Structure formats: structure tokens, C-alpha cells
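Summary of structural features
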Amino acid sequence: MKEQIYLLSIATLFFLSGCAPEENAVADIEMKSNEELSVMTDSFTREDFYNTLSHVMEEADRLDAEGDLEKWVIRTISEEALYYAEDLTEAEIMEISKARLTEDQVWKEIAETKYGVTVSEEELNEYIDNVTQSFESPLQQAYADILGLTVEQLNHGFDMDVYEKNLLWEKLRPKLEKAYGTTDNNKLVEKYNEEVSEGGR
């Protein structure tokens, strides 16, 4: 089950919680069919995923992004290769990556400044260990391979910000339940997405 959830999106590991808001930046992109995604889930090996992602770093290097933006460019190209039914232009990749970076920053900023939700490095590392201790999929292994990392370096380095978002959501949700007077997950997602959208303007 966890492997299937992980397959949904490399860059949105916070879906492991099943409750965090999806990103508006990629909401309108047509995804591959459930059948195509199921083939990957059921039969792809580490080598299959590696071959699917083998072009990612070369393409990312051509776009010449730096810092946090480079990370989101890599994620967008990876997700395009795995999940999108359409090819993106370089301009689209950059536009989506910039939007996702901004959205991520606003998401976390609102959690901290409005709701007082933060996580320490110690509790984040402990959380990552707990979430990943019995889970290492062929996709995750291949993704680490293309980045030149071990899976541990992937989790505690490159993707640490995504796990941070997942942990923040766990701490944020009770505050949102109180603020909006509901425990309905879909409504909480919708309401917080609205806050993020307004905060990013």
C-alpha cells in the first residue's frame, strides 16, 4: 500500500499521510491512465524506473536552475516522465517549478506565522526514520540512483523538505479543525489551500 502511495508522486511524499493539500501548480496537468500507473506499481523494477528517469539530470542541467528551484525542476521533470500524459516544454517546466516552490514556501510560512506550527530538525529526522524504516521501493531506489544518492541521503537530504511538510500537516490539522469547526479532511484541505492561494498573491 505504501509503495502505491509513493508512486503517486515523488515530490509530494506528504501524501503518505493521505491528508495534505495537493499542489495547485500541477492540478490541471493530464495524468496517465490508472491502467498505465498500475503497470508501474505492479511490475516495474528498479532498473525500469531508472531507465524511465535516466534523462532527468541532463534535462535539469540544461535548464540551469539553482538552489531550491533546481530541486523542484528535478521533481517536475521526474513526475513528467512517470505520471504525466503530456510532454512539458522547458518553459512549462520552469513555470511549474517556480510556482511549486513559491506555493511550498507560502504553505510553510502560513503554518508557522498564523498557526505557530514548526518542527525541529531532531523531530524531523526521527519522523523520517519512523516513516521510512520498513519502506524502500524500486522507484525510491531508482530516484536516489539518478540523483547519485543513497536512499538515506534522499530521505534525510534531498526530500527532507517534503517530509517536513508532511509532519507539519500532522501538527497543523488539529489547529485547522478548531479554526474551521470541522474534522472533514476534504474541507480542511480546501480551506487551507485557499489560505495558501491568497497568501501567494
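Residues numbered from 1 in each chain as written. Predicted model: local features only at pLDDT ≥ 70, side-chain atom pairs only at ≥ 80, totals over all residues. Heavy atoms only, no water.

1. Details of the overall build of the protein chain
On a plain count of helices and strands, the protein chain comes out with 11 helices and zero strands. Its helices and strands in sequence order give the protein chain the pattern α-α-α-α-α-α-α-α-α-α-α, from N to C terminus. The buried share of the protein chain, taken over its 201 residues, is 47%. Within the protein chain, contacts between residues at least 6 apart in sequence are counted, and of these 74% link residues at least 24 apart. For the protein chain, the computed accessible surface area is about 10300 Å², with 44% contributed by carbon and sulfur atoms. (Helix = DSSP H or I, 4+ residues; strand = E, 2+ residues; numbered from the N terminus. Buried < 20%, exposed > 50% of the residue type's maximum accessible area, 1.4 Å probe, protein only. Contact = heavy atoms within 4.5 Å. Areas by Shrake-Rupley, 256 points an atom, 1.4 Å probe, with all protein chains shown as cover.)

2. Observations concerning the environment of Asp161
If you trace the backbone, Asp161 turns up in helix H10 (residues 160–180). Taking the C-alpha atoms as reference points, Asp161 and Leu124, separated by 37 residues in sequence, lie 9.5 Å from one another. Those residues in contact with Asp161 that lie beyond four places of it in its chain are Lys71, Trp72, Arg75, Asp104 and Lys108.

3. Topic: the packing of helix H3 (residues 46–53) against helix H5 (residues 67–83)
Between two packed helices, the angle of one axis relative to the other and the distance separating the axes together describe the packing. Packing of H3 against H5 brings their axes to within 9 Å, and their N-to-C directions diverge by 120°. Where H3 crosses over H5, the handedness of that crossing is right-handed. Facing Phe49, Thr52 and Leu53 of H3, the residues of H5 in contact are Ser78, Ala81 and Leu82. For the contact of H3 with H5, the residue count by class is four nonpolar, two polar and no charged. (Axes fitted to C-alpha atoms, helices over the stretch in contact; angles between N-to-C directions. Left-handed = near helix turned anticlockwise from the far one by under 90°. Nonpolar A, V, L, I, M, F, W, Y, C, P; charged D, E, K, R; others polar.)

4. Quick word on the packing of aromatic side chains
This structure, assessed with the given rule, holds six aromatic pairs. On the numbers, 6.3 Å between centres and 55° between planes, the contact of Tyr115 with Tyr192 is tilted. Of the two residues, Tyr115 is situated in the loop between helix H6 (90–113) and helix H7 (121–132) and Tyr192 in helix H11 (residues 185–199); the sequence distance between them amounts to 77 residues. On the accessibility criterion, Tyr115 (12% relative accessible area) is buried. On the accessibility criterion, Tyr192 (0% relative accessible area) is buried. The cationic tip of Lys71 hangs over the ring face of Phe158; the distance from NZ or CZ to the ring centre is 5.4 Å. Of note, Arg75 hangs over the ring of Trp72, and the distance from its end group to the ring centre comes to 4.6 Å. (Phe/Tyr/Trp six-rings, centres within 6.5 Å; stacked < 30°, edge-to-face > 60°. Lys NZ or Arg CZ within 6 Å of the ring centre and 35° of its normal.)

5. Points about H10
Across its 21 residues, H10 extends 29 Å between first and last C-alpha, which sits within 8% of the 30 Å expected from 1.5 Å per residue. Where H10 bends most, at Leu172, the angle is about 35°, and the proline Pro174 comes one to four residues later. Along H10, the positions that sit buried rather than exposed are Met160, Asp161, Val162, Tyr163, Lys165, Asn166, Leu167, Leu168, Trp169, Leu172 and Leu176. Packing partners of the buried residues in H10 comprise H5, H6, H7, helix H8 (138–147), helix H9 (151–158) and H11. Note on H10: the residue one or two positions beyond its end, Gly181, has a positive phi of about 65°. (Expected span 1.5 Å × (residues − 1). Bend = angle between axes of the 7 residues up to and from the residue.)

6. Quick word on the confidence of the model for the protein chain
Here the protein chain averages 85 in pLDDT, and 86% of its residues register 70 or above. In the predicted structure, residues 1–22 sits below a pLDDT of 50 and forms 76 contacts with residues beyond four places in sequence or in another chain. (pLDDT = per-residue confidence, 0-100.)

7. Overview of unusual backbone geometry
We note that Asp64 has phi near 55°; this positive angle belongs to a residue other than glycine. In this fold, Asp64 is placed in the loop between helix H4 (56–63) and H5. Judged by its relative accessible area of 60%, Asp64 is exposed.

8. A word on the pattern of salt bridges
Considering all chains together, one arrives at 12 salt bridges under this definition. A salt bridge links Asp161 to Lys71, with the shortest nitrogen-to-oxygen separation between them at 3.6 Å. Here Asp161, found in helix H10, pairs with Lys71, found in helix H5; they are 90 residues apart in sequence, far enough to count as distant. Here the two residues Asp161 and Lys71 agree in accessibility, since each one is buried. (Salt bridge = Lys/Arg side-chain N within 4 Å of Asp/Glu carboxyl O.)

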